[in-house]
Every structure is written in structure tokens, then in C-alpha cells.
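# Residue-level structural notes
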Amino acid sequence: MSLKKHVKLGLSALALSISFNSVAAEDPIKVGILHSLSGTMAISESTLKDTMLMLIEKQNEAGGVLGRQLEPVVVDPASNWPLFAEKARELLAKEEVDVIFGNWTSVSRKSVLPVVEELNGLLFYPVQYEGEESSENVFYTGAAPNQQAIPAVDYLMNDIGVERWVLAGTDYVYPRTTNKILETYLKDKGVAADDIMINYTPFGHSNWQAIVSDIKKFGSAGKKTAVVSTINGDANVPFYRELGNQGIDAADIPVVAFSVGEQELSGIDTGPLVGHLAAWNYFMSVDNDANYDFIDAWVEYTGNEDAVTNDPMEAHYIGFNMYIEAVKKAGTADVDAVKDAIIGVSVPNLTGGYATMMPNHHITKPVLIGEIQDNGQFSVVWETPSTVAGDAWSDFLPGSKDLISDWRKPLFCGNFNVVSGTCGGKALAE
Amino acid sequence: MGISRLLSHLLLACCVLWPGHALSQVEDTEAQQLLTALADSSFAEKKAVVNRIASSGDDRARYWLESFGANKLGRLEASGQFIIVLSNRGRNWTVEDALTRENLGEISRRDIDTIRVNNALRNELEGILSVIDLKSPDEDQRLTAARALKGSVSGTLAERLPELIEAEESASVSEALTEALAIYKVEEQGDIAAVATLSGSLNSEARAALQQAMRSDDVALAAAAAKAMDSIEQKLKLNRAAETLYFGLSLGSVLVLAAIGLAITFGVMGVINMAHGELIMLGAYTTWGMQQLLPGQPGLALLLSIPAGFLVAALAGIAIERSVIQHLKGRPLETLLATFGVSLILQQLVRTVISPLNRTVITPDWMSGSLMINEALSLTLNRLYVIGFALVVFAGLMLIMRKTRLGLDVRAVTQNRAMARSMGIKATKVDILTFGLGSGVAGLAGVALSQITNVGPNLGQSYIIDSFMVVVFGGVGNLWGTLLAGLSLGTINQLLEPWAGAVLAKILVLVLIILFIQKRPRGLFPQKGRAAEG
């Protein structure tokens, strides 16, 4: 009797688990999208939401992954940094998403970071940032400073012969850290302190007259001068307009920008800006079939013939494909399995090469320098001969040059100090 | 099909075999060779090729080089045919044949390889083109070319310049050429006589040449250069002071424009309208809308948006007044919160209905660029227009408030509502009209702001604080106060900015206002008499 009962129980349990499994196999993989759809950052972030929806739609048309469909879960953190953390918690705890693609500003990433680490989520972050961070749960598909700022400065110094530098930025963490790195780097290269001018302006600054006039004055000292701009968001439009109006020609004082892409240029008449530079890892104008296909898909998806693509969109494209590959490789969407599987995964990028996920959760990228053209596009004038691996910890800051990050076992540490041999306070055994 | 293709092949063969069409054209094979060399060489090698093309004497050389500089010279991937891109927007580009100038229609961007150009080459091209342009019959073109030559005169050109100067009819062109030659002589030959020519010049290339001469080992030359530099520095100081004043006035006029509508709704009526910034935004969006309705005529659209922006914002203002503010009369805190809500609604409405992205408002040609007073001082035109516009709007408002029946009614109602009503003035109607007027003026500010800042959902937010600041500083209820406060705050800000940086300058101005309000709580021009008590 009791044996029979046991068998019966066991059988029903088996049946239950089988039916459970088969349900699980048909369950969609939930993809959280954490981009602001309202507020100041909506201008940049809402297109990334659409990019993700498009990528998911295409993947589902192609049969999803592991026979499972992907289901987007869109939330709106409304450009409000603390709300980012709440929404991330909602995605991970309530919606139980398998992965999150999101954030733009560094401050919003910093706000989400503890939540993602606590709830063991996966976050793909698609924007160029200041580095000095490596988390077990975050994958940085945008550029670290050594994949954007440093090569751009090298180009100006070696190819253009710039001797005098204006570092102009918006007053927040990314420009300040980047400029600190650049200042140290320039001084290491023998640039005198007098030949570096640093200027910060508030978000959305619109009255550039005095600053542009200052730059003009600084640049008329007989040495070749360039502006390295980390000015963020829509403050760029009046800045460039003022440059044009005050007659600063790219041939006299070129401006190389790290935050100005096709999207930002679509808001201005670029006629007077021809020749000013930007450093990115992707330009819409890159002559490559994968890129043209992506643009065609994007134009079709948005229904707007003039829709532009930009660097963070490519980062999401790469990040999304890496995630899909990692899920295939792991055979499951389980967070820990994907986290291990994704290191070393290579997917094609849109510039004709491959992007590989490095053990420090950054990816390899080519660095391109483009000059602005009158149609709001960039023409590539220089690129690195091969891809550059992202460096989580800058080699040019005193506190961070001894740190490395490696999320493979046995090291498994985001801030390992190679001099002291310790993992930033974290025990190695962990 | 087959026959037509055969024909076109025959035609092509004819063209290639036929000797040059006109005397000043090189043969197509040679042109093809030159352009191929340009396309296939590295940036460093392209420089030589560019010079070869310029010296080929072909009529089309200028066109090719100009297109190349503008990134519009390209090659078809399949056939290797050289083309000039006429329109490079979107995914299909309109192109024409570079040699025959035959229009080839629209071709997919995938099939076109543009020949890349960079800043260094563009610089070189500019020099070459200005040498070509020196022979142009058009005086303005010659002048631009002569000015561009300053600091980029080459040795061979320097030999030919004296005769060009001799032959030049226009005084300003020959003056510019003389200076260009003098810069070359100081830089390359250390010519003391040329230093005298440069004395008093405000050109930055001339200054660079003099600075170089000052470091020279030749004592006499260095002394002469130092003396010339001194006189230049004196002149520069004056020009820079004038420039700062201009910057201050222009920032001030923006503040006045943004604040003057508020001076009416807040200052005269006493309504704290947090949605004032969004009314400005509506005005700016009206400009954008007008430009969409009248494509290709940005100037006309801008002029038409002046009345249109006024109307749109005024109607929106009246709607806000009727739906929200009239029910909260005499409850300033509730009004503040309610209008803040309205401002958020308007912002999100624009985001949802139009787009979260900024819209491009085109600046008409007559408003872009700058008015060059001399080589060190030029006034940006868009700002100049905004200053003028601000003054006109101010004068108009003063006229309405002082000389019209509406103005009289407004003043009566604000001074003593009960008394005014008992005299037969319809207070509610006056409220509507006044609020409409103030809102409409905010719309006008939006039209002007669309020319200097971004047109996007956040436009209003960045001006609301500044507007309140100006009105409170100027004295609530006084239009003259608003004008003076706006202009002086703008000037103070611009004086502080080079010295303190943009962020600190703004903080300092705020601190200054707080201190000032402590001393004089009613602002620069306090209202006197009975109205002050109300």
C-alpha cells in the first residue's frame, strides 16, 4: 500500500515536473528595457528603447532563442535617477526578467548598480562612459576612455599637430573623470599646464558667447589648438551654433567631441560645422553591408526615411547579439550560466569587424575619428588598425592604474590590485 | 534593350575617343587618371594630387576640388565612374557625372564610394581655391580669397603677389593682400619693413607672426615686433571690452524677452504661473511648425511665426487661465502647484504628440553669421536681431499699457479690483485679456529663442527660474524694472563668466540677487503709493 502510494506520488511528481518543464521551455525569455521615455534624457534614450524592440522583434521572427520567444518588458524611469533603481528592482523582483538593457547617464547606472548586484541580474550598458568600474552583473558595451578619448587625443597630437588643448565639458561625473584622465595623459606627453584650458558648464547651457570667445583667444597664441569636448546632450547645439557664428573654422580650431553623434547633429544645420571631429566606435556612414542592412531595418521599423543610427544603438546591437549567443552557448537563460558563457563570445559589429566580450566585462571595439559633413553625417578620417579592448581601470589615474578586472574563475574579481595581490577588500575564495 | 545598350556603349566609346571638347579641358582619360590618383592615394599623397589637378588648367578643376573639399566627389563602386554628389541626404543620393556633368539621377548610397577628405587637405584646398579666386571678377569673392590667404601664402605665390596687388582695383582687397604678403615676409624672412605694415592689425595670423618675430635673435626685429604688438594689444583690449558688453546685452535681452510676459502675468496680475516657460516653448514650436508648413522659406516662416506664436501662446494662456487659475484666485500656493502641474502636462504632451527629440529650426541666411566690425570684433547676427526684437516687444508692451484702453483697465483692476468693478470695468474680461497678453508675449520670446537655443520639450524649464529672477529683481509690477534688471543681470553674468566660469557665475548672480532682495525687498523699482499695499 505504502509502496504503491509512493510510486503513485513519485509518478505524479514526475508528471508534474515534466509538464512544468515543458511549460518552462515555452515560457518566453523576458528582456527588461530600462530607458527614460520622458524627462530630459528621453531625447537620447527613447531611440534605444525602439532599437531594443526592433532587435527583439527580428530575433522572434527568426524563431527566438533555444525555441523560446523573447518578451520585452518596457518601463519608464523618467530621467529620474533614484527611479532607475526602483524600476530596476521592479524588473528583477516583480517581472523576473532574465536580462536588462538600459541606462544612459553614469549617475543612473550608479543608482541601478547595487540593485542589479543584490538581485543578481544582468545589465547591458550601451553608452561610452568614464570607466573606473567593473561589476560582476554589468556588461559595458559602450566605450571606456581608452577606446575613445585617448585615441582621439593621440590623433590630434600626431596627425594634426595640436599643441594647445581646451578641455570643455558639462559639469558632471563623466566629463570630470575623462578630463582628469586626459589632463594626466597630456602632461605625461609633455604638454605644459599653460597649454591646457579646462572649462565646465551646466547641463543644457545655452549662452556660449563668452566661452567661445575665450576659446578663440586661447587659440590665437600661435600654437595649433584643439577643443576636446565632453559637452553632453542638447547643450551642444547652441555651442556649435556659436562656433559657427563666431567664425571658428575646423581648420583653425578643430573640436573633437565624445558625446556628439548623428542624433545630436540631426537637430542643427551642420553647414558651418564641416570638419569638426567626433570620436566613436561606430558611424552611420561606415561603408559596410551589415551597417546598411541595419540602417534599412531601422528606417523601416521607425517608418521615418530620415531616421539616423548612432553609436549607442550599435552597442545595443552588439550587446543583444552577444546575449543571444551566450544563451545559446549556455543552453539556458539562467543568469549565472549566461554570465560565465558570455566571456569570450564574439559577434560581428556594424563596422566590418568582430566584438568580443572580455573577462573584464568590456568589449573590443575599433576607434573611429570622423569629420562632420554638411548632411549631418560623419566621414571617417582615421581609425585604429585593429580593435581595442576596453580597460575598466584607467592606466592614467594614480588610484586605478594597478587595478585589473577579471570575472573568470579563479580570480573572479572586479578590482584586483596587481601590486598588493588583493582583490579590493573582497576575499579571493568568494 | 540590347540595342540601346549597344548604342550607349558606342556613345561612350565616342566620348572617350573624341579629342577634348574645349581647349581648356584636359582629355577625359587624363581627367580620369587624375581623379583615380586622388581616390586611390592616402591622405598624405592626396596633397600632391590636388596640386596636380589645380595646375592641370582644366575648367572643371575648381568644381572638382570644391566638391572634393565638400566631401561630394565620389566613385561608383561597380563601374568606377567618377561622380559629384548633388544631394547627400537619406539613403539614395542624387549624383551627376564628374566629367560630363550629366545628371545620373538617384543612386543608392551603398553603391557610392566618396573620396575622403580631411581638415589638412581642406586647408590646402582652401589655399588653392583662393588663389584661383583671386582672379575672379567678383570683388566679394576676391576679398574673401584675399582674407583666407593671410597666414597661408606660399613661396611661389609671394613672388606673384606684388603684381597682383598692383593690378588690384579694390582698395580693401589690395589691403588684405598687402597684409597677407607682410605676414609671409615677417614669418619667413624676418623683414622689419613688413613689421610696420602689421602694426595695428587685428588679424590673429598677423599676431602669430609678430609673436614669432619677438622671439627672433635679431634684436632690432624683436624690438620692432614688440612695439607693434603693444599697439595691437591696446586695440584688442578695447575690442574685447566692447565684445563683453555686447555679450552681456544679448544675454540680457534674452532674459528680458523671457521675463517680460511674466512681468505682466506675475508682476501686474499677481499670478504665479509656473507654466510660463512652457508658453515660451509653445512659441518656439510654432516657429518650427511654420517652417514645416513653408518648406524652403525659413525667413518668411519666421516672420509669420511672430503673430502665429503670439496667438498660439495667448490662446493656450487663456485656456490655462479659464480652466485652472480663475478658480484659484487669491490662493498663490495652490496656483503655483496647479500651474506646475500644467507645465508638466504641456511638456509631456509635446513629447508624446510631436517627439521627445529636439526639432530643427532653420536660421534664415540673413540671420546667420556675424557682422564684422573689425577682425577682432564681430557681432553675431542672430543675437543682434534678438536684441532688436526684445526692444521692439518692450516698446510695444509699454505702448499698450500706457496708451490703450486695455492698459488703463488693467492698471485699474490691479490697483483696486473692487473699485474698478464698481466703475463698470468687467474685471473677468480684463483678467482674460491680460493673461492672454502676457502669455502671447511669452510666445514671442519662444519665437526669438528658437533662433539661439534648442527647440525641445525642456526649452521652457531652463528659462522659468531666470524669468522669475528678473521680475523679482526688477521690482514686481514694473516693466521698466524688468528691462533694466534683465539687461544688468545679463551683463553682470557675462562679466563674471570669463573670470569665474559659467557655473560659478550663475551662482554668484543668484547670491547677488538674494543679498539685494534682503536690502530692497521690492526690487529695483518698487511700486509706490496705494498699489503697493494691494
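Residues numbered from 1 in each chain as written. Chains lettered and ligands numbered in written order. Predicted model: local features only at pLDDT ≥ 70, side-chain atom pairs only at ≥ 80, totals over all residues.

## Let's talk about the overall build of chain A
Along its length, chain A carries twelve helices and 19 strands. Whereas a compact globule of 430 residues would reach a radius of gyration of roughly 22 Å, chain A reaches 24 Å, a difference of no more than 12%. In terms of principal-axis extent, the alpha carbons of chain A reach across some 100 × 55 × 40 Å. Nonlocal contacts in chain A, meaning residues at least 24 apart in sequence, comprise 68% of its contacts between residues at least 6 apart. (Helix = DSSP H or I, 4+ residues; strand = E, 2+ residues; numbered from the N terminus. Rg over C-alpha atoms; globule rule 2.2 N^0.38 Å. Contact = placed C-beta atoms within 7 Å.)

## What to know about the overall build of chain B
Within chain B, the secondary structure is distributed over 22 helices and seven strands. Relative to the globule expectation of 24 Å for 534 residues, the C-alpha radius of gyration of chain B, 31 Å, shows a markedly less compact shape. Along the longest, intermediate and shortest principal axes, the C-alpha atoms of chain B span 95 × 80 × 40 Å. Intrachain contacts of chain B at a sequence separation of at least 6 include 65% that bridge at least 24 residues.

## Focus: the sheet that holds strand S19 (residues 422–423) of chain A
As a general point, the strands of a sheet are linked pairwise by backbone hydrogen bonds and lie either parallel or antiparallel. Residue and element names in this part refer to chain A. With antiparallel pairing, the three strands of this open sheet are ordered in space as S17-S18-S19. Strands with a single pairing partner mark the edges of an open sheet, and in this sheet they are strand S17 (403–406) and S19. Judged from the three bridges that link them, S17 and strand S18 (residues 413–417) form a sheet pairing that is antiparallel. When the sheet's bridge partners are listed, Leu-403 is paired in S18 with Asn-417. (Pairing = 2+ DSSP bridges.)

## Overview of the domain arrangement of chain A
Residue and element names in this part refer to chain A. Its domain assignment divides chain A into domain 1 (11–144 + 289–364), domain 2 (146–286 + 370–389) and domain 3 (398–430). For domain 1 versus domain 2, the distance between C-alpha centres works out to 30 Å. Of the residues lining the interface, 24 residues belong to domain 1; the matching set on domain 2 comes to 22 residues. Contributing elements (two or more residues each) for the side of domain 1 that touches domain 2: helix H2 (42–61), helix H4 (106–118), helix H10 (289–302) and helix H11 (311–330). Looking at the side of domain 1 that touches domain 2, the element that brings in the most residues is H2, giving three residues. Its residues assigned to classes, the side of domain 1 that touches domain 2 comprises nine nonpolar, eleven polar and four charged. (Domains from an automatic or database assignment. Nonpolar A, V, L, I, M, F, W, Y, C, P; charged D, E, K, R; others polar.)

## What about the domain arrangement of chain B?
Interfaces are frequently sized by the accessible area removed from exposure as the parts join. Here chain B is partitioned into domain 1 (26–120), domain 2 (134–216) and domain 3 (264–369 + 379–527). Each of domain 1 of chain B and domain 3 of chain B has a C-alpha centre, and these two points are 51 Å apart.

## Thoughts on the interface of chain B and chain A
Between chain B and chain A, the residue contacts involve 51 residues of the former and 47 residues of the latter. Within the residue set of the side of chain B that touches chain A, elements represented by two or more residues are strand S5 (112–114), helix H5 (119–133), helix H10 (204–214), helix H11 (219–268), helix H14 (332–353), strand S7 (377–380), helix H20 (479–500) and helix H21 (502–519) of chain B. Of the residues forming the side of chain B that touches chain A, the biggest block, five residues, is contributed by H10(B). The class makeup of the residues in the side of chain B that touches chain A is eleven nonpolar, 28 polar and twelve charged.

## Examining unusual backbone geometry
All names here are of chain A. The amide bond that connects Lys-409 to the next residue, Pro-410, takes the cis arrangement and shows omega of 5°. With respect to the helices and strands, Pro-410 occurs in the loop between S17 and S18. Positive phi, close to 55°, is recorded for Ala-78, a residue that is not glycine. Along the polypeptide, Ala-78 turns up in the loop between strand S2 (70–75) and helix H3 (81–94). A count of 17 C-beta atoms within 10 Å places Ala-78 in the partly exposed class. A positive phi angle, close to 55°, is found at Ser-79, a residue other than glycine. Examined against the element boundaries, Ser-79 turns out to sit in the loop between S2 and H3. Take Ser-79: there are 22 C-beta atoms within 10 Å of it, and that puts it in the buried class. (Buried ≥ 20, exposed ≤ 12 C-beta atoms within 10 Å, placed from the backbone.)

## What about the sheet that holds strand S3 (residues 92–97) of chain B?
Residue and element names in this part refer to chain B. Ordered by their spatial adjacency, five strands build an open sheet running S4-S3-S2-S1-S5, and the pairing between neighbours is antiparallel. Only two strands of the sheet have a single partner each, and these edge strands are strand S4 (103–108) and S5. Going across the sheet, the axis of each strand differs from the next one's by a mean of 45°, ignoring polarity. Bridge count for strand S2 (residues 82–87) against S3 is four bridges, and the pairing is antiparallel. In the strand pairing of S3, Ile-83 is matched with Asp-97. (Axes fitted to C-alpha atoms, helices over the stretch in contact; angles between N-to-C directions.)

## Here's the deal with the pairing of strand S14 (residues 368–372) of chain A
Residue and element names in this part refer to chain A. With respect to burial, S14 is a largely interior element, five of its five residues being buried. Here four bridges tie strand S10 (residues 277–280) to S14, and the two strands are oriented antiparallel to one another. Looking at S14, one finds that Trp-280 is bridged to Leu-368. By the bridge criterion, five bridges tie S14 to strand S15 (residues 378–383) in an arrangement that is antiparallel.

## Re the environment of Arg176(A)
All names here are of chain A. Looking at the element boundaries, Arg-176 is found in helix H6 (residues 173–188). Overall, Arg-176 belongs to the partly exposed group, with 16 C-beta atoms counted inside 10 Å. Counting along the chain gives 46 residues from Arg-176 to Glu-130, while the straight-line C-alpha distance between them is 8.7 Å.

## Digging into helix H18 (residues 427–449) of chain B
Residue pairs spaced three or four apart in an α-helix point in one direction, given the helix's 3.6 residues per turn. When the terminal C-alpha atoms of H18(B) are compared, their 33 Å separation across 23 residues agrees well with the 33 Å that a helix rising 1.5 Å per residue should span. Taken across its 23 residues, H18(B) has 18 buried, putting it largely inside the fold. (Expected span 1.5 Å × (residues − 1).)

## Thoughts on the pairing of strand S8 (residues 225–230) of chain A
Residues and elements named next belong to chain A. Counting buried residues in S8 gives six out of six residues, a clear majority hidden from the surface. For strand S6 (residues 164–170) and S8, the ladder comprises six bridges, and the chain directions are parallel. Each residue of the ladder has a partner; that of Arg-164, found in S8, is Thr-225. Bridging between S8 and strand S9 (residues 255–257) involves three bridges; their strand directions are parallel. Its bridge partner lying in S9, Val-227 is registered against Val-255. Read as a crossover between parallel neighbours, the route from S8 over helix H8 (residues 236–245) to S9 is right-handed. (Right-handed = clockwise from strand over helix to strand, strands pointing away.)

## Examining the environment of Asp140(B)
Residue and element names in this part refer to chain B. For Asp-140, the position within the fold is in helix H6 (residues 139–149). Overall, Asp-140 belongs to the exposed group, with 10 C-beta atoms counted inside 10 Å. The spatial distance from the C-alpha of Asp-140 to the C-alpha of Glu-188 is 28 Å, given a sequence separation of 48 residues.

## Remarks on the confidence of the model for chain B
Segments scoring low in pLDDT should not have their predicted coordinates read at a detailed level. Residue and element names in this part refer to chain B. Per-residue confidence for chain B gives a mean pLDDT of 85, with 94% of residues at or over 70. When the criterion is pLDDT under 50, residues 1–23 qualifies, and its contacts beyond four places in sequence or with other chains add up to seven contacts. Across the predicted assembly, pTM comes out at 0.78 and ipTM at 0.73. (pLDDT = per-residue confidence, 0-100.)

## Observations regarding the packing of H2(A) against H10(A)
To describe two helices that pack against each other, one gives the angle between their axes and the distance between the axes. Residues and elements named next belong to chain A. Closest axis-to-axis distance for the H2/H10 pair is 11 Å, and the angle between their directions is 105°. Taken together, the axis directions place H2 and H10 in an arrangement best described as roughly perpendicular. Side by side, H2 and H10 meet where Asp-50, Met-54 and Lys-58 of the first sit next to Ala-297, Trp-298, Tyr-301 and Thr-302 of the second. A class-by-class count of the residues in the contact of H2 with H10 yields four nonpolar, one polar and two charged. (Parallel < 35°, antiparallel > 145°, perpendicular 65-115°, else oblique.)

## Observations concerning helix H15 (residues 381–403) of chain B
Look at H15(B): 32 Å from first C-alpha to last across 23 residues, which is about the 33 Å you get at 1.5 Å a residue. Those residues of H15(B) not exposed but buried are Asn382(B), Arg383(B), Tyr385(B), Val386(B), Ile387(B), Ala390(B), Val393(B), Phe394(B) and Leu397(B).

## Quick word on the confidence of the model for chain A
Residues and elements named next belong to chain A. In the predicted model, chain A carries a mean pLDDT of 88, and 92% of its residues have values of at least 70. At the level of individual helices and strands, chain A shows its lowest average pLDDT in helix H1 (residues 2–26), which scores 51, and its highest in strand S4 (residues 123–125), which scores 97. In the model, residues 425–430 has pLDDT below 50 throughout and makes two contacts with residues more than four positions away in sequence or in other chains.

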